[in-house]
Amino acid sequence: MVNIPDWIHTVLMSFESRTNPFMEVSVADALSAVRKDHGDLDDEVWAVFLAEHSAFMYREMPDEDSLWGTYFAPMMEFTQADGSILRVPNVMDLNGATVAHWKARAKITKNPIMRARYADCVWDLDRVVTKEKRQHEFALIAAQSYIENARRGGFADEVNASTDLSRALDIEGVRQLTRALALARTVNAKELQTEAVSELIDFCERSGKPGAPGIWLAPFDSLYGQKGLLTPAQQDDLIKNLELMLARTTSQTESKEFDPWAAQYAAQRLITHYKDTGQTKRLVLAYGHAFETMAKDAAPLLAIAWLQPVIEAYQQAGLKGEAERLSLVAAEKGRTLGDDLKHVKVEVPFDRDHFLKSVDRLLAGDDLSTKLYLIAHEFAPKAAQVRETVQHLSETAPLLARITHQVIGPSGQTTAQIGSVDEDLEGRLQSQTAQYIGILLPLLNHTLSELKLRDNPTTDQIIDVLFRCPLFNDCRKELLREGFGAYLGEDWVKAIHVLVPQMEEALRNLAAGIGIPVTKTVRTQPGLTDLKNMGDVFNDARVRQVLGETMWRFLTVLYTDRRGINLRNNVAHGLVGPEAFNRSSSNLVFLSFFVIGSLRIKPSE
């Protein structure tokens, strides 16, 4: 495959003659653009085009963890109508002639970027394409060419290049040099390894600016702690450079260099190096104060998001006083958080007639027990539907599915964090359950109001239905009577305060009924025990299994999960004001008794 068609040769020569750096994918893009003018290609020309286009189209995987177990991976993947996956480029489309073409090009191409790519493709992909043993010669050619390209310079001085492009090219330089080092280490080329280390350090010192931490952090991240890579002098220089960058990125005299995040990156690596409590405090305070400065004039929501990690860092570093001081600053910012938020309203279609017919269906007949359990079944979000919704949203809104969500409390503090669908499916399921409860709540309120209006149930009638469930004991009957009486009398404060602890007791009874101890040891006081709280009971896998996913999710979201309503904990710890003791909250508590009240003892066989 040494015969190269003129139109392909012209494109290659336009890049080969360049002295300034360029992105490898630019060659593939240029080939694709010209390819459109040449119609159908015969097999020989297509093979040349595919060899050249593929070589420059692959993306890099530094950990060599592509689907082929290689450094190079497809740039794109598409799922086709028949379910098969189309990969571009795909190493499975190549053959021994392709590798032979790359070998020849690696030995005659003068441009170091192109030469490195040809040689690296041979080294990395030949074992997949032909199953042949790797040839060290091409690893050496690639490594030497990467180093040669970095030495030519021009990365930050690309003619007419934007700042973003210049920075991208600088990062490419770092990537090429770290690859050169990896290749040299793989083939145990000691001199080339030393050369790559020196060039990486020099390149990052030349190109690294405070606003480009991805460049000036690279020597530390790639070399520090790696046996035999750094001389003592080189290691000292790395530390001095990090200290310099920390000083520059925390200085307020040069606003263009002020960057709290870059300062944090530098400090974290210095902490790794010094391993000293005093140094840790100095470094954490350095970047922490930078974030404090930035937060002073920031909107409350942003300020709190920036300050909370700093507060945690102060605590971990033993800076208790600083953590408490900054917590007060964040709390003060949180007082005006509401002014920074906007209400978002979304109209959704609602078939009122259909809903009213559903209410009539739920409340039909004279049996109060049937009505209460039908309502409980109707308004506890179904776990299967919740899972289906999360899956649907991950497909239709993939960006939102990958973004971490934070739950912000009334004082501006972060009370819960929900990760991406892939990393925190449980969190997404709990959050979606809470959303479903919120959507169904107005409908539940209307349904229970209609129940009271049509049936006018008494406290004794409700108690009689509930006590068919074995989880409720006679010793708690008077308290339950007081709680349900307050509920029917619309004394929401009393109803919630009385009924929620009775739900906790019922859950302990459930645990005891399936052979789970309801006490736990007191960690700080050996020999003493406490009753398990509601969260302890819910966290037991056996309880979760008995309740079933739908019931478990509804109850945990309502009572104990920070990602949901968390009513039990918020009430117990005085975290809610009088506005939280309302009809809606009381209706959910009332509903929960008949959700769990559907449980019965299974007769032994």
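Model, not experiment: these values are computed from the prediction. Here, residues in each chain are numbered from 1, in the same order as that chain's written sequence. Where local features are concerned, this predicted model is filtered to residues with pLDDT of at least 70; where side-chain atom pairs are given and counted, the filter is 80 or more; whole-chain, interface and lining totals use all residues. Side-chain descriptors were evaluated using all non-hydrogen atoms of the structure, hydrogens and water having been removed beforehand.

1. Thoughts on the overall build of the protein chain
Now for step 1: Along the protein chain, the regular secondary structure elements total 28 helices and 8 strands.
Now for step 2: Atoms counted for the radius of gyration: C-alpha only. Globule rule: 2.2 Å times the number of residues to the power 0.38. In terms of C-alpha radius of gyration, the protein chain reaches 33 Å, well past the compact-globule figure of 25 Å for 605 residues.
Now for step 3: Considered along the principal axes of its C-alpha atoms, the protein chain spans approximately 95 × 65 × 50 Å.
Now for step 4: The buried share of the protein chain, reckoned over its 605 residues, is 47%.
Now for step 5: Taking the intrachain contacts of the protein chain between residues at least 6 apart in sequence as the baseline, contacts between residues at least 24 apart amount to 64%.
Now for step 6: Of the accessible surface of the protein chain, which amounts to about 31300 Å², a share of 52% is contributed by carbon and sulfur atoms. Elements are defined by DSSP. Helices are runs of H or I of four residues or more, strands are runs of E of two residues or more, and each kind is numbered from the N terminus. Accessibility here uses a 1.4 Å probe with only protein chains present; expressed as a share of the type maximum, an area under 20% marks a residue as buried, one over 50% as exposed, and anything in between as partly exposed. In this analysis, two residues are considered to be in contact whenever any of their non-hydrogen atoms come within 4.5 Å of each other. Note on areas: these come from Shrake-Rupley sampling with a 1.4 Å probe, and a residue is covered only by the protein chains present in the view.

2. Focus on the packing of aromatic side chains
Now for step 1: Side-chain rings of Phe, Tyr and Trp (the six-membered ring for Trp) are treated as a pair once their centres are within 6.5 Å; stacked means planes under 30 degrees apart, edge-to-face means over 60, and tilted covers the remaining angles. Within the structure shown, the criterion is met by 20 aromatic pairs.
Now for step 2: Taking the centre distance of 6.3 Å and the plane angle of 80° together, the rings of Tyr287 and Phe291 count as edge-to-face. Note that Tyr287 and Phe291 are positioned in helix H13 (residues 277-296) at a spacing of 4 residues, about one turn of the helix. Comparing Tyr287 with Phe291 shows no difference in burial state: the two are buried.
Now for step 3: Among the aromatic residues, those joined into a cluster by ring pairs are Tyr373, Phe467, Phe472, Phe484, Tyr487, Trp492, Phe590, Phe593 and Phe594.
Now for step 4: Lysine NZ or arginine CZ positioned within 6 Å of the ring centre and within 35 degrees of the ring normal marks a charge as sitting over the ring. Residue placement shows Lys452 over the ring face of Tyr487; its charged tip is 4.1 Å from the ring centre.
Now for step 5: Residue placement shows Arg544 over the ring face of Trp552; its charged tip is 3.9 Å from the ring centre.

3. A look at helix H12 (residues 260-274)
Now for step 1: Compared with the 21 Å implied by 1.5 Å per residue over 15 residues, the 21 Å span of H12 between its first and last C-alpha is a close match.
Now for step 2: Among the residues making up H12, those that are buried are Pro260, Ala262, Ala263, Gln264, Ala266, Ala267, Arg269 and Leu270.
Now for step 3: For H12, the secondary structure elements touched by its buried residues are helix H9 (213-216), helix H10 (218-223), helix H11 (232-250) and H13.
Now for step 4: Put simply, Asp259 is the residue that caps the front of H12, since its side-chain oxygen is 3.1 Å from the backbone nitrogen of Trp261.
Now for step 5: Downstream of H12 by a residue or two, Lys275 has a phi angle that is positive, lying close to 50°. Multiplying 1.5 Å by the residue count of a helix minus one yields the expected span of that helix. Two N or O atoms count as a polar contact when they lie within 3.5 Å, although within protein this holds only if one can serve as hydrogen donor and the other as acceptor, and sequence-adjacent residues are included solely when both atoms are side-chain atoms.

4. As for the layout of surface pockets
Now for step 1: Residues are called lining when one of their atoms sits within 4 Å of a cavity or pocket point, these points coming from a 1 Å grid over the protein atoms alone, where a cavity is a set in which a 1.4 Å probe fits but cannot get out and a pocket is an open set with protein on both sides within 12 Å along at least five of seven lines. Grid points are joined across faces, edges and corners, and a volume is the space filled by probe spheres set on the points. In this structure, the largest pocket spans a volume of roughly 570 Å³.
Now for step 2: Along the wall of the largest pocket there are 17 residues; nearest its centre are Gly409, Pro410, Gln413, Thr415 and Asn570.
Now for step 3: The set of elements that each furnish at least two residues to the lining of the largest pocket consists of strand E5 (405-408), strand E6 (414-418) and helix H27 (567-572).
Now for step 4: Ten residue types, Ala, Val, Leu, Ile, Met, Phe, Trp, Tyr, Cys and Pro, are classed as nonpolar, four, Asp, Glu, Lys and Arg, as charged, and the remainder, Gly among them, as polar. When the residues that make up the lining of the largest pocket are grouped by side-chain class, the tally is 6 nonpolar, 10 polar and 1 charged.
Now for step 5: There is about 400 Å³ of room inside the second largest pocket.
Now for step 6: Lining the second largest pocket we find 17 residues, and of these His405, Arg428, Ser431, Gln432 and Gln435 sit closest to its centre.
Now for step 7: At the level of elements, helix H18 (383-396), helix H19 (398-402), E5 and helix H20 (425-455) are the ones that each hand at least two residues to the lining of the second largest pocket.
Now for step 8: Each residue belonging to the lining of the second largest pocket can be placed in one class, and the counts come to 8 nonpolar, 7 polar and 2 charged.

5. Observations concerning the pattern of salt bridges
Pairing between side chains becomes possible if they bear opposite charge and their charged atoms approach one another.
Now for step 1: Every case where a carboxyl oxygen of Asp or Glu lies within 4 Å of a side-chain nitrogen of Lys or Arg is listed as a salt bridge. Enumeration according to the criterion identifies 44 salt bridges in this entry.
Now for step 2: With its nearest N and O atoms 3.9 Å apart, the salt bridge here joins Arg508 to Glu504. Of this pair, Arg508 and Glu504 both sit in helix H23 (residues 492-513), separated by 4 residues, roughly a single helical turn. The two residues Arg508 and Glu504 agree in class, both being buried.
Now for step 3: Taken together, the shared-partner salt bridges connect Glu24, Glu60, Arg117, Glu172 and Arg175 into one network.

6. Side note on a nonpolar patch on the surface
Now for step 1: Patch criteria: residues need more than 30% relative accessible area and no salt bridge. Like-charged residues are merged within 9 Å; nonpolar side chains of Val, Leu, Ile, Met, Phe, Trp and Tyr are merged within 5 Å. Taken together, Met75, Met76, Phe78 and Leu86 make up a surface patch of nonpolar side chains, about 320 Å² in accessible area.
Now for step 2: Tracing the backbone through its elements, the reader meets Phe78 in strand E3 (residues 76-79).

7. Some words on the environment of Ile113
Now for step 1: Relative to the elements of secondary structure, Ile113 occurs in helix H5 (residues 112-129).
Now for step 2: Considering only alpha carbons, one finds Ile113 and Gln268, 155 residues apart in sequence, at a separation of 34 Å.

8. Considerations on a negative patch on the surface
Now for step 1: Think of it this way: Lys and Arg go in the positive column, Asp and Glu in the negative one, and His and the chain ends go nowhere. To locate a charge, take atom NZ for lysine, CZ for arginine, CG for aspartate or CD for glutamate. Judged by side-chain charge, Asp202, Glu205, Asp236 and Asp237 come together as a negatively charged surface patch.
Now for step 2: For Asp236, the location among the structural elements is in helix H11.

9. Quick word on unusual backbone geometry
Among all residues except glycine, the phi angle is most often negative; among peptide bonds, the trans geometry is most common.
Now for step 1: For the bond running from Val88 to Pro89, omega is -10°, close enough to zero to count as cis.
Now for step 2: Within the secondary structure layout, Pro89 lies in the loop between strand E4 (85-88) and helix H4 (96-108).
Now for step 3: In this structure, Asn188 is a non-glycine residue whose phi angle is positive, near 60°.
Now for step 4: Tracing the sequence through the fold places Asn188 in the loop between helix H7 (163-186) and helix H8 (190-207).
Now for step 5: The phi dihedral of Asn566 falls on the positive side, at around 60°, and the residue is not glycine.
Now for step 6: Following the sequence through the fold, Asn566 ends up in the loop between helix H26 (549-559) and H27.
Now for step 7: Classification of Asn566 by relative accessible area gives buried; the value is 8%.

These values are about where atoms sit, not about what they do.
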